[in-house]
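Coordinates in review
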Amino acid sequence: MRYVPVSGEQREAMLRAVGAKSIEQLFQDIPSAVRLKRPLDLEKGMSEIDLARSLRELAEANKPATGFMNFAGAGVYDHYIPSVVDHILRKPEFFTAYTPYQSEASQGTLQAIWEFQSMICELTGMEVANASMYDGATAFVEAALMACRCTKRSRIVVAGSVHPEWAEVLYTYSRSGLFSMDVVGAEGGKLDVDQVREQLDAGVAALLVADPNFFGVFEDVCALGKAAHGVGAMLVCASNPILLSVTKTPGDAGADIVVGEGQPLGNPMSFGGPGLGFFACREKHLRQLPGRLVGKTVDAEGKTAYTLTLSTREQHIRRERATSNICSNHALNALAAGAYLSAVGSAGLTGIARACIAKAHYLRSRLIGTKRFSAPFDDAFGYEFALAYDGDAEELHSRLLDKGILAGVVIEQWQGPELMLFAVTEKRTKEEMDMFVAEVIEIAEAMEKAEQTEDTETTEAVEQ
Amino acid sequence: MSSEMSNHPRPPCSVGPQKSIFGLGTPGSSCVAVPEIDVPDIDLDALLGESRREGPPVLPHVTEVEVMRHYSHLAQMNFGVDSGFYPLGSCTMKYNPRINEDAARLEGFSGLHPYQPEKTVQGALRLMVELSEALAEISGLPGVTLQPAAGAHGELTALMCFRAAHEAAGDPRKKVILPDTAHGTNPATVAMGGWDVVTVPSNDQGLVDLDALKAVLDTDVAAFMLTNPNTLGLFDPQIQEITEAVHAVGAFAYCDGANLNAVLGKSRPGDQGFDALHINLHKTFSTPHGGGGPGAGPVCVSGDLAHYLPSPLPVRVADGEFSTLQLGTSVGRVRSFFGNFGVLVKAYAYIKALGAEGLEEVSEQAVLSANYLKEQLKEVFDLPYDRTCMHEFVLSGTRFKAEGVRTLDIAKRLLDYGFHSPTVYFPSIVDEAIMIEPTETESVSTLDGFVEAMRAIADEAVRDPDIVRSAPHTTPVRRLDEVRAARDPHLRWSPTQ
């Protein structure tokens, strides 16, 4: 394939126009010693028909979660995406545009982002939201850095119950020396407020928590907020945007910065990216906010118009004094989130949250009912929960996969037993969950039998 | 865009401002039915207690046709590469092939969960390994991470690897040097990673002032960051001396790969002596810009630095199998999961489509088209650095200042001629800078049409400066009151409006 619309003849004419004898002459500034004097060692280009075939083959070498009865979550969720969302994303004026620096030619992107900001404010109960970050994990880090700027302190206390990859990313960034971090344990599946309070002092910039946390359990955000504020620290809360339609807003609960992974809002799982990070804060901290912001104003004729604003926080203006180095964000994913929230509306979103919660509670009690699973903790949860399997969890997971069931994610929990983390979205039906439970019973029995046979054989072998 | 039209402004736009989506539709409407609950319902008040939300969120209430029309209307107020020529310097606004979009949407890619068992994601791992291998070959740097989500994220990732190497050698360092032509992300990245920024001026040819660089190089310098070709579109012929001088004090040479589109198959940053490079897949490898993102910023590093890259790394194991590798010496994760996988699929498809020969043609045509525009426009505008350029060049609009016409006015007036504006006022070392990057995907007639429009505007600037100063006239909205936007920030819709 070639996407160059210039013929050989035209190329010759262009060379004459610039007064060059050859293409080579245009590259004369590159010293010979650093010129590549051979073709790149890559395969030959492909025709579109061959490329389409090869891409399809590669895609078919995967077995996507969407083709399974999928209970995997752990940060990426398999929600239904209304058809309109992708049809909006496919509009080339959106996806082939650059960052909307030329407002007069970018009103579409700007208004869509302004509406997205408004929806995030509404969900989080905050006053200001930015145009998006890369993902939940990097939004979480940016929140820590922002809290350090706002409080002029440099110690971060992070909940041990947040997504382990988010904690890892936070640790990676902490090696800059700009902040230090301490993890406060959550052995019981959620934070103990007294234990958190012990970690807090006047040097702490922020307490970072997730609600619900990695195990799906709701934290006591109000009490955690009070504890943080008691030492002059900020509360950063990471939230699931679907659940925000039914839970007390982090804003009402006392959070100073609210972040999260926005993938559940109309973005496919796509192996974990691109989704988007959402980021919201109080107006009084506006000047410390990282990332782009769209504001509403008027044009020279007094007509309503939108523009990027308060850019003096950003890298292209403020350089090393910017609030962040972020430039490219996840605008198209934010467009998807805005389109999704518009498509489902308020009743739709609360209905989806309610359905997910009800289904997850049903599945959990059915699984516990098999007596093969036990609950490591019993606190209120949303649509994700952890259970301990009485046996080889990896083996069970693998056998269920053969039956077309992606049985959540097997996680290691500190020194404790392996846990299985299950997420249930509105896509799952009662019939599917009943089938899943029936398979669990059957497989667990088969595994038990196989184990007994093995034990007997081992015993016999020893006796012989 | 027909070239016959381009020396005349186009007719005014028929699409005007659109009501906010919150003001459309009828309360209670939505596109999708609330999902049925086929299990025992749950009492949310009992479950959540005091943590129950006080009232439902106020979200748009629109039917499917209303949503579709709203966003169609918004799209019509936007200018993308598909709308016309987008000569935005430094941004590489090339055509985005449609098969790439289709590829990322194949269910075998878009439906993958990041924690699926490895045996069910062999195609995805293979894609990432092969993309890494291709980027290693293109860059001349063998270690590759696909995790960074954007160019600036890649910059930070590479600097973290430098820090790890210096610390491992018991030689931690505090400073990073940048030329005054650097993109804003460079100094912002340095600060975000906890280093001090040291800026060196460019020489009178717009290149690195080697003496000035050597004067600030010492054993507390962690790295020198350079965009090559630089932001004036010039390839620095002293590149070997530069990287050697940097290495001589034990520092690392970092290449900002924003301008990689100029040198594909011609010169590799690794061969130029760079230790690390980030690649903006949304620029050089045509994954779209998406109105600001998502992009992807893979980082390529030398063999010595490869074991510091963020983990996990997708790797090839025996018998055509693929897996992931955790490195004990890694700087750690820089984001969740595997990076912007959907973007990686598009870049992979692009490299597969073009192959070695096609990629080299990309750079040849990008450079030829830039020189073609430069030669014609330098008669009408000033060209401060008059030499063969690479994929972009920087003009100056200084001569029109006397008429009270600024570069910004010229940029806005181009919109009336149906072209997107170039990058303006960057790099800051050029007064009234106009930075033009045509890319390889524009036809001769489009380029000629652009030259005609620029000439027409230069003529207007003298003959009828008011029409340029008050441009644009044909866009959905006229020039904006930016001061009001910043002074009285109006950042969200609220029910009381």
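Residues numbered from 1 in each chain as written. Chains lettered and ligands numbered in written order. Predicted model: local features only at pLDDT ≥ 70, side-chain atom pairs only at ≥ 80, totals over all residues.

1. A few points about the overall build of chain B
Note the cut-off: A run of DSSP states H or I qualifies as a helix once it reaches four residues; a run of E qualifies as a strand once it reaches two. Both are numbered from the N-terminal end. Values of the radius of gyration come from C-alpha atoms, whereas the globule rule sets the reference at 2.2 Å times the count of residues to the power 0.38. For the exposure call, what matters is how many other C-beta atoms sit within 10 Å of a residue's own: 20 or more marks it buried, 12 or fewer exposed, and in between partly exposed, using C-beta atoms placed from the backbone. In this description, any two residues whose backbone-derived C-beta atoms lie within 7 Å of each other are considered to be in contact.
Within chain B one finds 14 helices and 12 strands. The C-alpha radius of gyration of chain B comes to 25 Å, within 12% of the 23 Å expected for a compact globule of 497 residues. Counting only C-alpha atoms and orienting by the principal axes, one finds that chain B spans roughly 75 × 65 × 45 Å. Burial status across chain B gives 61% buried among its 497 residues. Long-range contacts, defined here as pairs at least 24 residues apart, represent 73% of the contacts in chain B between residues at least 6 apart.

2. Details of the pairing of strand S3 (residues 196-200) of chain B
Residue and element names in this part refer to chain B. Note the following rule: Pairing between two strands requires that DSSP report at least two bridges joining them. By definition, the crossover connecting two strands over a helix is right-handed if that path, from the first strand to the second, turns clockwise as seen with the strands pointing away from the viewer.
Judged from the 5 bridges that link them, strand S2 (residues 175-179) and S3 form a sheet pairing that is parallel. Bridging across to S3, Ile177 finds its partner in Val198. Of the crossover connections in this fold, the one passing from S2 over helix H7 (residues 185-192) to the parallel S3 is right-handed.

3. Structural notes on the domain arrangement of chain B
Note the cut-off: Start and end positions for the domains come from either an automated domain assignment or a database one.
Domain assignment breaks chain B into domain 1 (20-76), domain 2 (101-353) and domain 3 (356-483). For domain 1 of chain B versus domain 2 of chain B, the separation of C-alpha centres amounts to 42 Å.

4. Digging into the interface of chain B and chain A
Our working rule: Classification used: nonpolar for Ala, Val, Leu, Ile, Met, Phe, Trp, Tyr, Cys and Pro, charged for Asp, Glu, Lys and Arg, polar for all others including Gly.
Across the boundary between the two partners, chain B contributes 173 residues, which contact 171 residues of chain A. No other element matches the 21 residues that helix H10 (residues 341-377) of chain B contributes to the side of chain B that touches chain A. Within the side of chain B that touches chain A, the residues separate by chemical class into 90 nonpolar, 54 polar and 29 charged.

5. Describing the packing of helix H1 (residues 8-18) of chain A against H10 of chain B
A packed helix pair is summarised by two numbers, namely the angle formed by the two axes and the spacing between the axes. For clarity, the threshold we go by: Angular values range over 0 to 180 degrees, each being the angle between N-to-C directions of two axes fitted as lines to C-alpha atoms, with helices fitted over their stretch in contact. Reported orientations rely on four angle classes, namely roughly parallel under 35 degrees, roughly antiparallel over 145, roughly perpendicular from 65 to 115, and oblique for the rest. For any pair of crossing helices, the crossing counts as left-handed if the nearer helix is rotated counterclockwise from the farther one by less than a right angle, and right-handed if it is rotated clockwise.
Following both chains from N to C, one finds H1 of chain A and H10 of chain B inclined at 45°, their axes separated by 9 Å at the closest point. On the basis of the axis angle, H1 of chain A is oblique to H10 of chain B. The crossing of H1 of chain A and H10 of chain B is left-handed. Contacts between H1 of chain A and H10 of chain B pair Arg11, Met14, Leu15, Ala17 and Val18 of chain A from the former with Leu368, Asn371, Tyr372 and Glu375 of chain B from the latter. Considering only residue class, the contact of H1 of chain A with H10 of chain B consists of 6 nonpolar, 1 polar and 2 charged.

6. So, the pairing of strand S12 (residues 384-389) of chain A
Residues and elements named next belong to chain A. Counting buried residues along S12, 5 of its 6 residues qualify, which places the element largely inside the surrounding structure. For strand S11 (residues 373-374) and S12, the ladder comprises 2 bridges, and the chain directions are antiparallel. When the sheet's bridge partners are listed, Phe373 is paired in S12 with Tyr389. With 5 bridges joining them, S12 and strand S15 (residues 418-423) adopt antiparallel strand pairing. Each bridged residue has a counterpart across the sheet, and for Leu387 the counterpart in S15 is Met420.

7. Some thoughts on the nonpolar core
The condition that has to hold: Take the buried Ala, Val, Leu, Ile, Met, Phe, Trp, Tyr and Cys residues, join any whose C-beta atoms are within 7 Å, and the set you get is a nonpolar core.
Residues Ala144, Ala206, Leu207, Leu208 and Val236 of chain A together with Ala276 of chain B are the most contacted members of the largest nonpolar core, which totals 317 residues. Among the elements that take part in this core, helix H13 (residues 331-369) of chain A stands out by supplying 22 residues, more than any other. Excluding its chain neighbours within four sequence positions, the residues that come into contact with Leu208 of chain A are Phe140, Ala143, Ala144, Ile156, Val158, Ala159, Val162 and Val236 of chain A.

8. Description of the sheet that holds strand S6 (residues 276-278) of chain B
All names here are of chain B. On the basis of which strands lie adjacent, the open sheet formed by 7 strands has the order S1-S7-S6-S5-S4-S2-S3 and mixed pairing. The open sheet is flanked by strand S1 (143-145) and S3, the only strands paired with a single partner. Each neighbouring strand pair of the sheet contributes to a mean axis angle of 20°, computed without reference to strand direction.

9. Focus on the packing of helix H3 (residues 48-60) of chain A against helix H5 (residues 122-139) of chain B
Contact pair H3 of chain A / H5 of chain B: the axes reach a minimum separation of 6 Å and the direction vectors enclose 125°. As summarised for this structure, H3 of chain A and H5 of chain B are arranged oblique, according to the angle between their axes. Packed against H3 of chain A, whose contacting residues are Leu58, Ala59 and Glu60 of chain A, the element H5 of chain B presents Gly123, Arg126 and Leu127 of chain B at the interface. Here the residues of the contact of H3 of chain A with H5 of chain B sort into 3 nonpolar, 1 polar and 2 charged.

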